Every structure is written in C-alpha cells, then in structure tokens.
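Read off the chains here:
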Amino acid sequence: MDGVFAFGCNLNVVARFRLREGMTLTAEEVGEIERGEVRQECFDRAMGYLQGRLHGRKELQRKLMRQEYGERIVEGVLDDLVRLGYVNDEQFAKTKAMSAAQHKHHGRRRAQMELMKAGVKGEVAEKALDEVYEKHDSVSVARELVRKKVAELRRLEPMVARRRLVGMLQRRGFEYEAIKGIIDEVLGDEAD
C-alpha cells in the first residue's frame, strides 16, 4: 500500500485487517479484505434492519439473503449478532406475542401463526405464547371486540350477525369454544 488509491473499504475493515500505508498485500490478502468488506456491508445492513424494530434470526436471514451476500457471510453475521445480543429469538417471540395480545387484540392461535411466519417455531414460540397469554385475558378482549361490532350487526338477521362475529373472532385467532359463550351472551343463545 503506497498511498495511492487501490480500492475502497469501510473503516471497520481497515481496523480489522490492520491496514496501513507501506504494507504489501498478496492477491489472497486482497481477496480476504474484499470478503471482509462484503461482510461489513452485510453487518451494517442487518444493523439498519434492527434499528427499526426487533427481528428474529430467520426473519433477518431472509431479508439479508435477498441482498445476495451469500449464505456463509449471512450466517457468520447472524452468529455475531446473536453473540453480541442484538438478535435474540426468545426476546423477539415474547415481544411479538405481547404486541399481538395487547395492541392488535389477537388470540393465541393468530399470534402463533405470526410467530411461525416470522420464523420462530417450536419450544421458543410456545414458551413466549404461554408466558404472554397466561397473563392476558383473551375472553374479555374478545367480548370487547364483539360489543364494538354488534351495533352495526343488529340490523342483520341473527344467524348472519352470529356468523360474521364468529368469522371475525376466528380470523383474529380466538378459539370457537371461547367465543361461542361471548356471542351467546351478547346476541342471545342460538336456540333463542
């Protein structure tokens, strides 16, 4: 490196490879530096995604793979992010489940589907859902949703209104057994 521009690279790459004027680099070392530059670019892109909101590992992996960094580089960056504490599937799952329960007013089943879509499955998802929905009163949330909706459905035939309420609550992830009682309570028993 003789002080004349040869190639550009991120300051972090300069520090990582301890680049300085007067160094002699082989073609292999230049190739390694170029791969380091791509890795740094991938890391910076991942950090940009994480600045906006939490991401699970699989979700972040899908986004980074669309950028064509290559699987080895993406996996290495994700391992670094996990090690540094920026990516934590347990925390992500709990936050996403809590958002579904408290802000979006979704039932457990819908929250589970959203976690699966985000790439969080199995024991991690179940633990987060158990933790959030154990403390969350889904029945009262479903009751409130029905009460808000029932005024506009009063003009419909009772069976049509019942069917629409059931459909709305099931799309939100509530179990039929839980919502049947609420709908009977608000609209009257089906036999009536």
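The residue count restarts for each chain, going from 1 along the sequence in the order it is written. In keeping with the model being predicted, local features are shown solely for residues with a pLDDT of at least 70 and side-chain atom pairs are shown and tallied solely at 80 or more, while totals for entire chains, interfaces and linings include all residues. With hydrogens and water set aside, each side-chain value is computed from the structure's full complement of heavy atoms.

Caption draft 1: Fine view of the overall build of the chain. For the chain, the helix and strand inventory stands at ten helices and zero strands. Segments assigned H or I by DSSP are reported as helices when at least four residues long, segments assigned E as strands when at least two residues long, and all are numbered from the N terminus. Secondary structure elements of the chain occur, N-terminal to C-terminal, as α-α-α-α-α-α-α-α-α-α. We call a residue buried when its accessible area falls under 20% of the maximum for its residue type, exposed when it is over 50%, and partly exposed in between, using a 1.4 Å probe and counting protein chains only. Here the chain holds 192 residues, and the buried ones make up 34% of them. Residue contacts are defined here by distance: any two heavy atoms, one from each residue, within 4.5 Å place the two residues in contact. Nonlocal contacts in the chain, meaning residues at least 24 apart in sequence, comprise 57% of its contacts between residues at least 6 apart.

Caption draft 2: The pattern of salt bridges, seen in detail. When a carboxyl oxygen of Asp or Glu lies within 4 Å of a side-chain nitrogen of Lys or Arg, that pair is called a salt bridge. Enumeration according to the criterion identifies 14 salt bridges in this entry. Note that Lys104 is salt-bridged to Glu114, the shortest N-O span being 3.6 Å. Pair noted here: Lys104 is in the loop between helix H5 (89-102) and helix H6 (108-117) and Glu114 is in helix H6, with a separation of ten residues, a long-range link. The partner of Arg162 in a salt bridge is Asp184, with the nearest N and O atoms 2.8 Å apart.

Caption draft 3: Representation of helix H8 (residues 138-153) in the model. Between its first and last C-alpha atoms H8 spans 22 Å; for 16 residues at 1.5 Å apiece the expected length is 22 Å, and the two agree. Of all the bends found along H8, the most pronounced is centred on Arg147 and spans about 25 degrees. Where H8 is buried, its residues meet helix H7 (122-135), helix H9 (158-171) and helix H10 (176-187). Expected helix span is given by 1.5 Å per residue-to-residue step, counting one fewer step than there are residues. To get the bend at a given residue, fit one axis to the seven residues ending there, fit another to the seven starting there, and take the angle between those axes.

Caption draft 4: Examining H6 more closely. What H6 keeps buried is the set Ala111, Glu114 and Leu115. Down the axis of H6, the buried set is contained in an arc of 100 degrees. They therefore lie on one face. Exposed residues pointing more than 90 degrees away from the buried face of H6 are listed as Met113 and Lys117. As for H6, its buried residues are in contact with H5 and H7. Once H6 ends, the next one or two residues include Gly119, with phi positive near 95 degrees. Each C-beta atom gives one direction from the helix axis, and the arc is the one those directions make.

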